[in-house]
Amino acid sequence: MSLVDTLVKLTNYEIDVREQNMIQSMVKVAAFPHLKEIKDFDFSFQPSINQKQILDFLTLRFIEENENIVFLGPSGVGKTHLATSIGIEAAKKRTSTYFIKCHDLIQNLKKARLENRLESRLKHYTKYKLLIIDEIGYLPIDAEDAKLFFQLIDMRYEKRSTILTTNVNFKAWDEFQEPKLANAILDRILHHATVVSIIGDSYRLKDHLAKENE
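Quick look at the structure, then. (Residues numbered from 1 in each chain as written. Predicted model: local features only at pLDDT ≥ 70, side-chain atom pairs only at ≥ 80, totals over all residues. Heavy atoms only, no water.)

**Regarding the overall build of the protein**
And then number 1: Assigned secondary structure in the protein consists of nine helices and five strands.
And then number 2: A separation threshold of at least 6 residues defines the contact pool for the protein, and within that pool the share at least 24 residues apart is 84%.
And then number 3: Total accessible area computed for the protein in this model is approximately 12200 Å², and 52% of it derives from carbon and sulfur atoms. (Helix = DSSP H or I, 4+ residues; strand = E, 2+ residues; numbered from the N terminus. Contact = heavy atoms within 4.5 Å. Areas by Shrake-Rupley, 256 points an atom, 1.4 Å probe, with all protein chains shown as cover.)

**Side note on the sheet that holds strand β2 (residues 97–101)**
The pairing of strands in a sheet comes from backbone hydrogen bonds and takes either a parallel or an antiparallel form.
And then number 1: Sheet architecture is open: five strands sit in the order β2-β3-β4-β1-β5, paired in parallel fashion. Strands with a single pairing partner mark the edges of an open sheet, and in this sheet they are β2 and β5 (193–197). For this sheet the average axis-to-axis angle between neighbouring strands, irrespective of direction, equals 15°.
And then number 2: Looking at chain direction, β2 and strand β3 (residues 130–136) are connected through five bridges and run parallel. Residue pairing across strands places Y98 opposite L131, the latter belonging to β3.
And then number 3: On top of the sheet, helix α8 (residues 179–190) reaches β1 (68–72), β4 (161–166) and β5; it is set at about 115° to β1, its chief contact. (Pairing = 2+ DSSP bridges. Axes fitted to C-alpha atoms, helices over the stretch in contact; angles between N-to-C directions.)

**With respect to the packing of aromatic side chains**
And then number 1: Per the stated rule, a full pass over the model turns up five aromatic pairs.
And then number 2: Taking the centre distance of 4.8 Å and the plane angle of 65° together, the rings of F41 and F43 count as edge-to-face.
And then number 3: For F43, a relative accessible area of 13% translates into the label buried.
And then number 4: Judged by centre distance (6.2 Å) and plane angle (40°), the rings of Y98 and Y125 are tilted. In this pair, Y98 is assigned in strand β2 and Y125 in helix α6 (residues 118–126), connecting sequence segments 27 residues apart.
And then number 5: The exposure class assigned to Y98 is buried, which follows from its relative accessible area of 19%.
And then number 6: Ring pairs connect the aromatic residues Y98, Y125 and Y128, which therefore count as one cluster.
And then number 7: Across the ring face of Y125, the terminal group of R121 is positioned such that the distance to the ring centre comes to 5.4 Å. (Phe/Tyr/Trp six-rings, centres within 6.5 Å; stacked < 30°, edge-to-face > 60°. Buried < 20%, exposed > 50% of the residue type's maximum accessible area, 1.4 Å probe, protein only. Lys NZ or Arg CZ within 6 Å of the ring centre and 35° of its normal.)

**Focus on the pattern of salt bridges**
And then number 1: Per the counting criterion, the structure on display carries 12 salt bridges.
And then number 2: Between E89 and K93 there is a salt bridge, and its shortest N-O distance comes to 3.6 Å.
And then number 3: Its salt-bridge partner being K123, residue E119 comes within 3.3 Å of it at the nearest N-O pair. Of this pair, E119 and K123 both sit in helix α6, four residues apart, roughly one helical turn.
And then number 4: Put simply, K101, D134 and E135 are held in one network by salt bridges that share partners. (Salt bridge = Lys/Arg side-chain N within 4 Å of Asp/Glu carboxyl O.)

**Some words on the packing of helix α5 (residues 102–114) against helix α7 (residues 143–156)**
And then number 1: Where α5 contacts α7, the axes come no closer than 10 Å and their chain directions differ by 95°. Of the possible angle classes, the one that applies to α5 and α7 is roughly perpendicular. Residues C102, L105, I106, L109, K110 and R113 of α5 lie in contact with α7, whose contacting residues are E144, D145, L148, F149 and L152.
And then number 2: Classifying every residue of the contact of α5 with α7 gives seven nonpolar, no polar and four charged. (Parallel < 35°, antiparallel > 145°, perpendicular 65-115°, else oblique. Nonpolar A, V, L, I, M, F, W, Y, C, P; charged D, E, K, R; others polar.)

**Let's talk about the environment of L72**
And then number 1: Mapped onto the elements of the fold, L72 is located in strand β1.
And then number 2: The sequence separation of L72 and V168 amounts to 96 residues, and the corresponding C-alpha distance is 7.2 Å.

**Notes on the pairing of β4**
And then number 1: Of all six residues that make up β4, six are buried, and the element is covered over most of its length.
And then number 2: Burial along β4 is two-sided: S161, I163 and T165 facing one way and T162, L164 and T166 facing the other are all buried.
And then number 3: Across five bridges, the pairing between β3 and β4 is parallel. Directly across from I132, in β4, lies its bridge partner I163.
And then number 4: Handedness of the crossover is the feature at issue here: the chain leaves β3, passes through α7, returns alongside β4, and the resulting connection is right-handed. (Right-handed = clockwise from strand over helix to strand, strands pointing away.)

Shape is all these values report; function is a separate question.
Right, dumping it as structure tokens:
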């Protein structure tokens with residue numbers, strides 16, 4: 001191999017290594033709860049899910065169009081897995097992505113408000129091209145919490161994409177938020193959104209029930 005060929009090969013290798021390091025960094029910064037990808041998802045266990053639709057999400061066109069995705073369904077049906085899988089794909093393609101549970105998000109915003117840095121914290125969460133907010137409705141949200149949540153959703157509206165997972169039907173959102181505020185939040189979330197309703201059994205329970213039947 002000539003000196004030029006050797007240098008080209010080494011340069012290409014260095015570029016590949018830097019690219020892989022950048023991808024790993026983007027995935028790490030996103031703070032995913034696990035690294036389960038779409039290849040790890042058992043679509044046969046949840047036939048209510050349109051696999052082609054999920055694969056289309058992985059093209060990330062919804063991010064280019066500043067659209068949202070809402071995964072709606074009971075606990076354990078795979079909402080977080082699907083949301084994370086899409087997020088990992090986005091991070092691998094160097095799209096700024098961040099994952100956070102709804103309760104942690106609100107607690108962070110409340111703390112920032114007490115420390116007079118709410119605006120900077122809202123801007124921090126708004127900067128991500130893809131923000132994944134997990135487990136909306138699992139814990140109660142009072143009126144003051146809802147106002148903080150609304151500010152973030154409003155700042156991202158039509159500018160950034162958000163993936164949300166929830167176990168609460170939209171009609172019931174006003175049970176844990178002020179009705180007018182709940183409607184305002186839903187209006188901004190759903191205006192440019194695809195809602196994926198999942199009806200099925202819990203993944204977490206299936207193995208446990210299988211053992212009980214042995």
